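Breakdown of the fold
Below are the chains, spelled out letter by letter.
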Amino acid sequence: MAYRGLPKLTPPPEDASQNQIDFFASLVRELKKLVYRIAKLEANASTVTAPQEFTASGSYVNGSTAKWVFITAIGAGGGGGGHLTGTPGNGPGGGGSGEYVVRHPIYLAAGDTLTVTIGVRGLGGAAGDNNGADGTDTTYATSVTTYTVRGGKGGSKGTVSTGGAGGGNNGGAGGARGSPATAGTNAPDSGIYTRGGAGGGGGTSGNGGVSAAGGSAENFSGGAGGVSCGGGGGASPWGSGGAGGTPGGGGSGAVATSYGAGGGGGGTGGAGAASTAGGVGAAGYLRIDFV
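A brief look at the structure comes next.

Rules of the game
Residues numbered from 1 in each chain as written. Predicted model: local features only at pLDDT ≥ 70, side-chain atom pairs only at ≥ 80, totals over all residues. Heavy atoms only, no water. Core = buried A, V, L, I, M, F, W, Y, C linked by side-chain atoms within 4.5 Å. Buried < 20%, exposed > 50% of the residue type's maximum accessible area, 1.4 Å probe, protein only. Contact = heavy atoms within 4.5 Å. Pairing = 2+ DSSP bridges. Helix = DSSP H or I, 4+ residues; strand = E, 2+ residues; numbered from the N terminus. Polar contact = N/O pair within 3.5 Å; in protein donor to acceptor, adjacent residues only side chain to side chain. Salt bridge = Lys/Arg side-chain N within 4 Å of Asp/Glu carboxyl O. Axes fitted to C-alpha atoms, helices over the stretch in contact; angles between N-to-C directions.

Looking at the nonpolar core
By size, the foremost hydrophobic cluster in this structure holds 16 residues, and its most contacted members are Ile71, Leu114, Tyr140, Leu286 and Ile288. If near-sequence neighbours (up to four positions away) are discounted, Leu286 is found in contact with Gln52, Glu53, Phe54, Ile71, Thr72, Ala73, Val116, Ile118 and Tyr140.

Structure, rendered in structure tokens:
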């Protein structure tokens, strides 16, 4: 709602006492101050800078006024492992999701540049007995300090079958190989602003066994596993991890907008099942909020 000027006031009558006249004048002065303050608040609100999002590396240059900003960011997700034909069972592990920070306050001096490097998604292991690649870190740096948000680890190849760990020192553990395998650990809260990534699901060790889902993060579940499937990828706060591949099929990649989520491991199957590739993780992300 916009305020424009003073409300209409009825002045005191001609026979009003001096006290009444003084009170009226005081009221007008206070109303003028109030209208000025409201107008100033409206002007400030109209100049609030919209959040800036980075899905690729870049920079933000601060203006002539020093300020605090708030960073939300995630490292890239790891890729799922690949499966080699002729090795029944042996489900590859899913990739772990990246470490993330939520509204981390940092101080920018006047004219300072915040340099942003977005983590690169981990590729899925190629068809065959190949590990998935780790997601790389997302970083943001002022002229004084560099902050790092770790990427998730790649899922293991089918002959190992463990899920990739979530990013960060306190990232969730990858699920263990087994029949059935164990799920990746959910993303833990590892600090005031920082949270570790979710682990990828473990792969089955037996023909016809069940591979496990990736760990969850915030409101999102990890990618699904299943019978003769690969392990699922770890989830991020932006979306679920990729599902493990179905028998003879490649693992699902994490959706690109599920920033930082892990990819699913390649599907397994019987002795004649084809080699399958793991799914890719999702790239990192960063947003600057100014309020």
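On we go from here.
Some points on the pairing of strand β7 (residues 146–149)
Taken residue by residue, a regular strand's side chains alternate between the two faces of the sheet. One ladder, built from four bridges, connects strand β6 (residues 138–141) with β7; its direction is antiparallel. Bridging across to β7, Thr139 finds its partner in Thr148. The hairpin turn running from β6 into β7, its antiparallel successor, is four residues long.

Re the sheet that holds strand β8 (residues 194–195)
Here we have five strands laid out as an open sheet, ordered β1-β11-β3-β4-β8, and antiparallel in their pairing. Across the chains shown, the open sheet's two edge strands, defined by having one partner strand only, are β1 (52–54) and β8.

A word on the side chain of His83
Relative to the assigned elements, His83 resides in the loop between β3 (67–74) and β4 (100–108). In terms of polar contacts, His83 uses its side chain to reach the backbone carbonyl oxygen of Asn90, at 3.3 Å.

Focus on the pattern of salt bridges
Considering all chains together, one arrives at four salt bridges under this definition. Where Lys153 meets Asp134, a salt bridge forms, and the shortest distance between an N and an O atom there is 3.7 Å. Of this pair, Lys153 sits in the loop between β7 and β8 while Asp134 sits in the loop between β5 (113–117) and β6, and the two are 19 residues apart along the sequence. By relative accessible area, which is 41% here, Lys153 ends up partly exposed. Here Arg195 ties to Glu218 by a salt bridge, and the two come within 3.8 Å at their closest N and O atoms. Pair noted here: Arg195 is in strand β8 and Glu218 is in the loop between β9 (210–211) and β10 (226–227), with a separation of 23 residues, a long-range link.

Things to note about the sheet that holds strand β2 (residues 58–61)
The four strands lie next to each other as β2-β5-β6-β7, forming an open sheet whose pairing is antiparallel. Each edge of the open sheet carries a strand with a single partner, namely β2 and β7. Strand-to-strand twist across the sheet, computed as the mean angle between neighbouring axes with direction ignored, equals 15°. Pairing of β5 with β6, which is carried by three bridges, proceeds in the antiparallel orientation. Residue pairing in the sheet places Val116 in a bridge with Tyr140 of β6.

Regarding unusual backbone geometry
Within the chain, Glu218 stands out as a residue other than glycine whose phi angle is a positive 50°. Looking at Glu218, the relative accessible area reads 49%, which means it is partly exposed. Positive phi values are uncommon outside glycine, yet Ser228 reaches one of about 55°. Note that Ser228 resides in the loop between β10 and β11 (285–289). The buried category is assigned to Ser228, whose relative accessible area is 9%.

Shape descriptors only; they carry no functional weight alone.
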